Each structure stands twice: as C-alpha cells, then as structure tokens.
Amino acid sequence: MGNINATLQQRPFGGTMRRDAWWLHPALVFLGLSTFIVYSTWAAFQGAHYYWGPYLSPFYSPEIFGNSPHSLFGPKPGWWPAWVPFSPALLILWAPGFFRLTCYYYRGAYYKAFWADPPACTVGEPRKSYLGERSFPLIMQNVHRYFLYLALLFIVFLAHDLWKALWFKNPATGQLTFGVGLGTLILALNVVLLSGYTLGCHSLRHLIGGFLDEPSNAPLCHQSYRCVSCLNRRHMLMAWCSLFSVGFSDLYIRLCSMNIWTDWRIL
C-alpha cells in the first residue's frame, strides 16, 4: 500500500466551504451588542432623566449618591473630584457589566462577533495561534463566579425598586397611594427576565449541585439543581431578552422624565 502524504493548510480569514449564510448570526450579535454598549454608555454618562415618579432606571440602581428621591446617601459627595464626570450609574454599572462580559454565553457570542475567533464553525480565523484563557486578557473571564454574587444582590435592589414603583404620590394630598402604571409592568418584566438570566448562570448551577457526584442523594440540592438547569437551558434566550428589557426600561423612564412619553396608569 503506497504512502499518502497529507498537508494541513489553514484557511484564509473568512475562507470556508459552507454555502449557508454563516455570517448572519455573528453580524446580528455584533449589531445587537454594539447598540446596547453605545446606548448604555451614553445613558450612564448623562446623569439625568433616570427617574420619574416612583420609577428608577435599572442602569442607576442602586443609586448610591444622586439627586433623586431614590438616593441612598444623598447628593454627590463633596469629596468627589471636580475634574471627574459624575453620574450615579458610573458607581454601579461596572458590576453587572463585568457579569455579562464574563458570562459563559456572552463570551462565546462576542468571541465570534467581535474577535472572529472563529467567525463561525469551519470558517477561517484572522490569527494563526491561540493563547488560551490562561493568558491576558482572557484570564479575566475566570472572575465570572465572583461577579455572580454581586449580580444576585442587584436582583434584590431591583425587586425593591419594583415595590417602590407600586406607590404613587397623590398630587392633591401628597400621600403615597397604591397603583400600577405601564412603567410598573415594564420594571416587573425586567426583574423577571434578569432573574431568569442570573439564576440560570452556569456558575450558580455548579454552586448549587454541580459539585456533587450524586445530586439525588441531597434532595434539596437536587431539586434546586434541576430548577437552575431548566433556566440554564434557556440561558441564551434570557441573556438577550434581559439585555433588551434593561435597556428599554431605562429608555421608557428617560422619555417619561423628558415628557416625551406619558406613563399610562392602569390602576
């Protein structure tokens, strides 16, 4: 039997034998994430129109320092450097931002969409080597489990904001009365979607029961593990839905504050 010499040759960037629209998915991911990054950065630096009545934008929650009634510790502190732009969002957005940046789903999405690593399965990459996630900057992805704890805390704050969004000030008496507005429903949906995304996290799944060899021997852990696994199977859907809901919640409150939209009172 004769000898066969086979030579493996790397495909050029974008080179592939695929005939389907392989570029469509990474292009949509690039467009979606870019739109959110640009809008959220702009909204965070505004420092205004982030609350209306009982509503507080999730980009600004919890409001540690600020001028709204939702501020925990009052207005901008005197020790804040005058040459540094101030916005309550800049004090807290780094936590949910890094939680999403290091998310197991999102990293796979933006590796393809932004870094073309690879742009799609069996499609040529723009690089010849791969350093792995033990080298900078990819080693930073390993902090995801720690940002999970902060993300769970943020869900508590957002749930509290939802409770406050149920109480409107009566303009005649100045007292708070129970009510439901369209903004209340938008904030409620945002809490549900963010909770579904956060509670379906791969790291939380491991913390609850993934470390056990036989989860069935621990009934409580096993049931919790099944619940998180159910959400985890829809992690991509929850990631995108919650990304849209948190951005739209800020937009809705911003436009209400600017008197462009009117909040529709249901109750």
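As shown above, the structure is provided for reference.
The notes below deal with the structure included here.

## Some points on the side chain of Ser203
Here's step 1: In this fold, Ser203 is placed in helix H6 (residues 202–210).
Here's step 2: If we ignore the near neighbours within four places in the chain, the residues touching Ser203 are Tyr104, His144, Arg145 and Leu148.

## Description of the layout of surface pockets
Here's step 1: The space that makes up the largest pocket amounts to roughly 840 Å³.
Here's step 2: If you go around the largest pocket, you meet 33 residues; those closest to its centre are Phe36, Leu93, Pro96, Gly97 and Arg100.
Here's step 3: Only helix H1 (24–46), helix H2 (94–101), helix H3 (104–113), helix H4 (144–164), helix H5 (182–199) and helix H8 (235–257) provide two or more residues apiece to the lining of the largest pocket.
Here's step 4: At 7 residues, H2 tops the list of elements feeding residues into the lining of the largest pocket.
Here's step 5: Here the residues of the lining of the largest pocket are counted per class, giving 27 nonpolar, 5 polar and 1 charged.

## What to know about H2
Here's step 1: When we look at burial in H2, the residues that qualify are Ala95, Phe99 and Arg100. Down the axis of H2, the buried set is contained in an arc of 130°. They therefore lie on one face.
Here's step 2: Elements that come into contact with the buried residues of H2 comprise H3, H4, H5 and H8.

Thresholds applied
- Residues numbered from 1 in each chain as written.
- Predicted model: local features only at pLDDT ≥ 70, side-chain atom pairs only at ≥ 80, totals over all residues.
- Heavy atoms only, no water.
- Helix = DSSP H or I, 4+ residues; strand = E, 2+ residues; numbered from the N terminus.
- Contact = heavy atoms within 4.5 Å.
- 1 Å grid on protein atoms, 1.4 Å probe; cavity = no way out; pocket = protein on both sides within 12 Å on 5 of 7 lines; lining within 4 Å.
- Points joined across faces, edges and corners; volume = space filled by probe spheres on them.
- Nonpolar A, V, L, I, M, F, W, Y, C, P; charged D, E, K, R; others polar.
- Buried < 20%, exposed > 50% of the residue type's maximum accessible area, 1.4 Å probe, protein only.
- Arc of directions from axis to C-beta.

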